[in-house]
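Structural overview for review
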Amino acid sequence: MSKGRRSPYSLCDVLDKLQTGRAGAVRVQAGSPPFHDHYNRARAVIEAIDALTEELTGDRERFWSKPHG
């Protein structure tokens, strides 16, 4: 059995896609009743994206909303 090829990735491209995915999960969570299936699954996606972002950049809060001021 041959090994699959791994293509290099651009960190910038990956972070853009993670940001888009996280924003979608936040919208699903915001539109769902608290602690129902969609809410819980969206929360899990957000947690996973935050954890991966922390591994890639060292900043878990990279995509969190910042206060205006």
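Read on for a plain summary of the structure. (Residues numbered from 1 in each chain as written. Predicted model: local features only at pLDDT ≥ 70, side-chain atom pairs only at ≥ 80, totals over all residues. Heavy atoms only, no water.)

This brings us to the packing of aromatic side chains. The geometry of an aromatic ring pair is captured by two quantities: the separation of the ring centres and the angle between the planes. Inspection of the entire model under this criterion finds 1 aromatic pair. A ring pair is formed by F35 and Y39, whose centres lie 5.3 Å apart and whose planes are at 55°; its orientation type is tilted. (Phe/Tyr/Trp six-rings, centres within 6.5 Å; stacked < 30°, edge-to-face > 60°.)

Moving on, we come to the environment of H68. By secondary structure assignment, the location of H68 is in the segment after α2 (37-57). Judged by relative accessible area, H68 falls into the exposed class, the value being 83%. Taking the C-alpha atoms as reference, H68 lies 21 Å from T20; in sequence the two are 48 residues apart. (Helix = DSSP H or I, 4+ residues; strand = E, 2+ residues; numbered from the N terminus. Buried < 20%, exposed > 50% of the residue type's maximum accessible area, 1.4 Å probe, protein only.)

Bringing the pattern of salt bridges into the picture now. In this structure the tally under the stated criterion is 4 salt bridges. Put simply, R22 and D50 hold a salt bridge, and the shortest N to O gap is 2.7 Å. Highlighted residues: R22 in helix α1 (residues 11-30) and D50 in helix α2, separated in sequence by 28 residues. Relative accessible area serves as the criterion here: at 2%, D50 is assigned to the buried category. E47 is the salt-bridge partner of R60, the closest N and O atoms lying 3.2 Å from each other. Here E47 lies in helix α2 and R60 lies in the segment after α2, a separation of 13 residues in the sequence. (Salt bridge = Lys/Arg side-chain N within 4 Å of Asp/Glu carboxyl O.)

Turn by turn, an α-helix covers 3.6 residues, leaving residues three or four places apart pointing in a common direction. Between its first and last C-alpha atoms α1 spans 28 Å; for 20 residues at 1.5 Å apiece the expected length is 28 Å, and the two agree. Every buried residue of α1 is accounted for by L15, L18, R22, A25 and Q29. All buried residues of α1 lie within an arc of 85° about the axis, which places them on one face of the element. Exposed and facing more than 90 degrees away from the buried side of α1 are K17, T20 and R27. The secondary structure elements touched by the buried residues of α1 are α2. (Expected span 1.5 Å × (residues − 1). Arc of directions from axis to C-beta. Contact = heavy atoms within 4.5 Å.)

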